[in-house]
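The primary structure of each chain is shown beneath.
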Amino acid sequence: MRAIQITEFGGPEVLTEVELPDPVPGPGELLVEVSRAGLNYADTHQAENSYLAKMELPLVPGGEVVGRTPEGRRVVGLTSSGGYAEKAVVPEATAFDVPEGVDDLTALSMVVQGSTAWLLLRRSVHLEPGDSVVVHAAAGGVGSLAVQLAKKWGAGRVIATASSADKRALALELGADIAIDSTTEDMTAALREANGGRKVDVVLDMTGGAVTDQSIAALAPFGRLAFYGMASREKPTPVEPAKLLSHSTAVVGMWLPHAFRLPGRVVHRAMAELFDLVLAGELRAVPGGEYGLSEVRRAHEDLRSRRTTGKLVLDPKG
């Protein structure tokens, strides 16, 4: 089968197209003929071995696929690696049946970005009706879905941030009440101004660095910031519990793999609700572009430069 393999860690230049034997599923695993694979910002960290889960070489990157099993079952699933290929092995525990009427791009959008947005709002920040919600990178895969879900679930004011006029226009189209420039030098002041001069209740942040620091400073008493990525590759200032105490604020981290350890099949509940919203026309995925397998280096360059919006997918036949 055709696949992308990494034999040394680094940037987009280490992604190499190769021919490999078909993977063989073990107990509790599904073999999936991949119709599309998901492209995520986390994949760029995987390629350079800076992700939360450390990788071993050689590596076929990619953590999400949609396609059919040999029995014809159509599934979307998560895997620790192996997604950038014509065939992949997916654990049954992280595979979800795709309803009729949900296309490949939407299925892939829900399995990582959608479930992440759901968990951030439902479990990390415990969104309350009337909360003001800041969504950084609001035109991205998670952000574009978080804007829609926050609005649907009763947020009082959704404040989107994005780096270009086109991205801010998209966030407004998706339901944000206001969209501000993410490159502003004083994010704390910008967020307060966007919220009518008041501090904000909730921030969803995957940027890191000064944006995180200034967003924490913008939190109202009992405000919550959920940190789920570090796209800037710059670490925020360490959080001091005494400062959280003095402002009655909270900072929580969220990494999707941990959600599968929760009792009650929480991710499966999230996926069922997300698919229901899609089928009801109340939630939509934003297409971000499709790349052939031979174009994977360009895809990673686009991800790293933050030129993209919405959901990016990889065609293993391309």
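Data block above holds the structure.
Thresholds, definitions, all that
Residues numbered from 1 in each chain as written. Predicted model: local features only at pLDDT ≥ 70, side-chain atom pairs only at ≥ 80, totals over all residues. Heavy atoms only, no water. Helix = DSSP H or I, 4+ residues; strand = E, 2+ residues; numbered from the N terminus. Rg over C-alpha atoms; globule rule 2.2 N^0.38 Å. Buried < 20%, exposed > 50% of the residue type's maximum accessible area, 1.4 Å probe, protein only. Contact = heavy atoms within 4.5 Å. Areas by Shrake-Rupley, 256 points an atom, 1.4 Å probe, with all protein chains shown as cover. Core = buried A, V, L, I, M, F, W, Y, C linked by side-chain atoms within 4.5 Å. Axes fitted to C-alpha atoms, helices over the stretch in contact; angles between N-to-C directions. Parallel < 35°, antiparallel > 145°, perpendicular 65-115°, else oblique. Left-handed = near helix turned anticlockwise from the far one by under 90°. Phe/Tyr/Trp six-rings, centres within 6.5 Å; stacked < 30°, edge-to-face > 60°. Lys NZ or Arg CZ within 6 Å of the ring centre and 35° of its normal. Salt bridge = Lys/Arg side-chain N within 4 Å of Asp/Glu carboxyl O. Pairing = 2+ DSSP bridges. Right-handed = clockwise from strand over helix to strand, strands pointing away.

Engineer: For this particular structure, what's the right way to read the overall build of the protein chain?
Structural biologist: What the protein chain contains, in helices and strands, is 10 helices and 15 strands. Taking 318 residues into account, the globule formula puts the C-alpha radius of gyration at 20 Å, and the protein chain, at 19 Å, falls close to it. Oriented by its inertia axes, the alpha-carbon framework of the protein chain measures out at about 60 × 40 × 35 Å. By residue count, 53% of the 318 residues in the protein chain fall in the buried class. Contacts in the protein chain between residues at least 24 apart in sequence constitute 67% of all its contacts with a sequence separation of at least 6. Of the roughly 13600 Å² that the protein chain leaves accessible, carbon and sulfur atoms contribute 53%.

Engineer: Looking at this model, I keep getting lost on the nonpolar core. Mind explaining?
Structural biologist: Burial of nonpolar side chains together is a common tendency in soluble globular proteins. V76, M110, L204 and M271 are the most contacted members of the largest nonpolar core, which totals 88 residues. Discounting chain neighbours no more than four positions away, the residues touching L204 are L120, L121, V125, V134, V135, H136, A146, A226 and Y228. Listed in part, the 12 residues of the second largest apolar core include V134, I159, I180 and V200.

Engineer: Even after reading the chapter, I still don't get the packing of helix α5 (residues 187–194) against helix α6 (residues 209–217), so can you show me in this structure?
Structural biologist: In a packed pair of helices, the relevant descriptors are the angle between the two axes and the axis-to-axis distance. Remark: α5 packs on α6, axes separated minimally by 8 Å, with the N-to-C direction vectors making an angle of 45 degrees. As judged from the angle between their axes, α5 and α6 are oblique. For the pair α5 and α6, the sense of crossing is right-handed. When α5 is examined against α6, the residues M187, T188 and L191 are found in contact with a partner set consisting of Q214, S215 and A217.

Engineer: What's the story with the packing of aromatic side chains in this structure? I'm lost.
Structural biologist: The geometry of an aromatic ring pair is captured by the separation of the ring centres together with the interplanar angle, meaning the angle of the planes. This model, assessed by the stated rule, comprises zero aromatic pairs. For the cation-ring pair, R122 lies above W153, with the distance from its terminal atom to the ring centre recorded as 3.7 Å.

Engineer: How should I be thinking about the pattern of salt bridges in this particular structure?
Structural biologist: Two side chains with opposite charge may pair up if their charged atoms get near one another. With the rule as written, the count across this model stands at 19 salt bridges. Between E290 and R36 there is a salt bridge, and its shortest N-O distance comes to 2.9 Å. With E290 in strand β14 (residues 287–292) and R36 in strand β3 (residues 29–39), the pair connects residues that are 254 residues apart, well separated along the chain. We classify E290 as partly exposed; its relative accessible area is 45%. Overall, the relative accessible area of 22% leaves R36 in the partly exposed class. Measuring nitrogen to oxygen at the nearest pair gives 3.9 Å for the salt bridge that ties R298 to D302. Taken together, the positions of R298 and D302, both in helix α10 (residues 296–304) and four residues apart, correspond to about one turn of that helix.

Engineer: Hey, could you run me through the pairing of strand β11 (residues 200–205) in this one?
Structural biologist: The side chains of a regular strand alternate, first on one face of the sheet and then on the other. Most of β11 sits out of view: five of its six residues are buried. Of the strand pairs in this sheet, strand β8 (residues 132–135) and β11 are connected by three bridges, and their pairing is parallel. By the bridge assignment for β11, V135 is matched with L204. Each parallel crossover has a hand, and the one from β11 via α6 to strand β12 (residues 219–227) is right-handed.

Engineer: What should I look at first to understand the sheet that holds strand β10 (residues 178–181) in this one?
Structural biologist: Pairing between the strands of a sheet comes from backbone hydrogen bonds, and it takes one of two forms, parallel or antiparallel. Spatially, six strands are ordered β10-β9-β8-β11-β12-β13 in an open sheet, and the strand pairing comes out parallel. Lying at the two open borders of the sheet, with one neighbouring strand each, are β10 and β13 (250–253). Taking the axes of each pair of neighbouring strands and ignoring which way they run, one obtains an average angle of 20 degrees across the sheet. The strands touched by helix α3 (residues 141–152) within the sheet are β8, β9 (157–162) and β11, with β8 carrying the most contacts at an inclination of about 170 degrees. Helix α4 (residues 165–173) contacts β9 and β10 of the sheet and is inclined by roughly 160 degrees relative to β10.

Engineer: Quick question: what am I supposed to make of unusual backbone geometry here?
Structural biologist: Phi is mostly negative for residues that are not glycine, and the peptide bonds are mostly trans. The amide bond that connects L57 to the next residue, P58, takes the cis arrangement and shows omega of -5 degrees. Relative to the helices and strands, P58 resides in the loop between α1 (41–48) and β4 (64–68). Unlike most non-glycine residues, R233 shows phi in positive territory, near 60 degrees. The topology assignment puts R233 in the loop between β12 and α7 (241–247). Unlike most non-glycine residues, S248 shows phi in positive territory, near 55 degrees. Considering the arrangement of structural elements, one finds S248 in the loop between α7 and β13.

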